[in-house]
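Structural description and commentary
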Amino acid sequence: MRTVELEGSPEPIRAGTIICIGRNYAEHAKEMKSDVPTSPIFFLKPASALIHDGEAIVLPSVSKDVHHEVEMTVLIGKGGKNISRDAALDHVAGYGIGLDMTLRDIQAEAKKKGLPWALAKGFDTSAPISRFVSASKVPNPQAMTVELSVNGTARQKETTAQLIFPVQHLIAYLSQFITLERGDIIYTGTPEGVAQVHPGDTLSAFLKNGSGKTLTSLTVRVQ
Ligand code: MG
């Protein structure tokens, strides 16, 4: 059983379904030579893919091109189905920063053949995730900044104001099809700047508020 940590919660929370949003920043869709979607694109990762601050990403031998994707993450606190946009943020327990590690060559092959992305996106250690900061500290999830540095060099940085589909929209849309439960996690999509990682790399990811203060962070190494 995998768990996540939430600020203010005395006990770890059991991780549920991990729902990841694709192409949720226009500049990233462009760098992937993909169309900007008209409704959210999503896929799932198994909870067993989660790793925490200080742990290691293990590169699977099946891929020669593993990419980082830094993303704001959302922890569902109160479940529901057909959640309205107006009520959506009441269902959020916390916000964090995560990495949607991707086997880019395997994904490209799957796209070409029309096959699922499960291997490219769901392999063990593909979901590094930070401790979640309480939602009460994030009045506006569209006023945050996501940042990633690799070996101390800045690689990805963007404000969540650029999200094509903001958190309220994602929760309303997803909950039409998938009943959300406490412990479910949404990866909200990556901005531009995705790139290959190599053994020995150290990846540091940050979720900052509008004043530039780091609310939570994550450091993992590549094995
Ligand atoms: Mg992603």
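Relevant structure appears above.
Residue numbers run consecutively from 1 along every chain, following the written order of its sequence. In view of the model being predicted, local features appear only for residues whose pLDDT reaches at least 70, and side-chain atom pairs are presented and counted only at 80 or more, with totals across whole chains, interfaces and linings using the full set of residues. Note that the side-chain values use all heavy atoms of the structure and ignore hydrogens as well as water.

1. Section: the environment of leucine 99
Put simply, DSSP marks the helices as runs of H or I at least four residues long and the strands as runs of E at least two long, and each gets a number from the N terminus on. Examined against the element boundaries, leucine 99 turns out to sit in strand E9 (residues 92–99). For each residue, the accessible area found with a 1.4 Å probe, counting protein chains only, is set against the maximum for its type, and the residue is called buried under 20%, exposed over 50%, and partly exposed in between. The class of leucine 99 is buried, set by a relative accessible area of 0%. Residues leucine 99 and isoleucine 185, spaced 86 residues apart in sequence, show a C-alpha to C-alpha distance of 12 Å. Note on contacts: a residue pair is in contact if any heavy atoms of the two residues lie within 4.5 Å. Ignoring anything within four residues of it in the chain, the contact list for leucine 99 reads Glu69, Val70, Ser126, Ala127, Pro128, Leu148, Tyr187, Leu203, Leu218 and Val220.

2. With respect to the coordination of the magnesium ion
As a rule, N, O and S atoms within 2.8 Å of a metal are its donors, except that Na, K and Ca use 3.2 Å; water is not among the atoms, so sites may look incomplete. Here the magnesium ion is held by the protein donor atoms Glu69 (OE), Glu71 (OE) and Asp100 (OD), which lie 2.0 to 2.1 Å from it. Along the chain, the residues donating to the magnesium ion are arranged with the sequence spacing E-x1-E-x28-D. Residue glutamate 69 is located in the loop between strand E7 (66–68) and strand E8 (70–76), and its partner aspartate 100 is located in the loop between E9 and strand E10 (102–103); the two are separated by 31 residues in the primary sequence. For aspartate 100, a relative accessible area of 0% corresponds to the buried category.

3. Re helix H4 (residues 167–174)
For H4, the buried fraction is high: seven of the eight residues fall into the buried class. The inward-facing, buried residues of H4 abut strand E3 (18–22), strand E4 (41–45), E8, E9 and strand E15 (185–187).

4. What to know about the sheet that holds strand E16 (residues 195–196)
Spatially, the three strands line up as an open sheet ordered E10-E7-E16, and their pairing is antiparallel. At either margin of the open sheet sits one strand with a lone partner, and together these are E10 and E16. We treat two strands as partners when DSSP finds at least two bridges between them. As paired strands, E7 and E16 are joined by two bridges and run antiparallel to one another. Bridging across to E16, histidine 68 finds its partner in alanine 195.

5. Some points on the side chain of serine 34
With respect to the helices and strands, the residue serine 34 is situated in the loop between helix H1 (26–31) and E4. Serine 34 sits in the buried class, given a relative accessible area of 16%.

6. What to know about the pairing of strand E14 (residues 153–159)
Along a regular strand, successive side chains alternate from one face of the sheet to the other. One ladder, built from six bridges, connects strand E13 (residues 145–150) with E14; its direction is antiparallel. Note on E14: the bridge partner recorded for threonine 145 is threonine 159. Counted between consecutive antiparallel strands, the loop separating E13 from E14 contains two residues, among which asparagine 151 sits at a positive phi close to 50°.

7. Describing the packing of aromatic side chains
The pairing test for Phe, Tyr and Trp rings, Trp by its six-membered ring, is centres within 6.5 Å, and the orientation test on the planes gives stacked under 30 degrees, edge-to-face over 60, and tilted for anything in between. Throughout the structure, instances matching the rule amount to two aromatic pairs. On the basis of an interplanar angle of 55° and a centroid distance of 5.5 Å, the ring pair of phenylalanine 43 and tryptophan 117 is categorised as tilted. Taken together, the positions of phenylalanine 43 in strand E4 and tryptophan 117 in the loop between helix H2 (104–113) and helix H3 (118–122) put the pair 74 residues apart, joining distant regions of the chain. Using a relative accessible area of 11% as the deciding quantity, one classes phenylalanine 43 as buried. A ring has a charge above it when a Lys NZ or an Arg CZ is no more than 6 Å from the ring centre and no more than 35 degrees off the ring normal. Over the ring of phenylalanine 206 we find lysine 208; its NZ or CZ atom is 5.7 Å from the centre of that ring.

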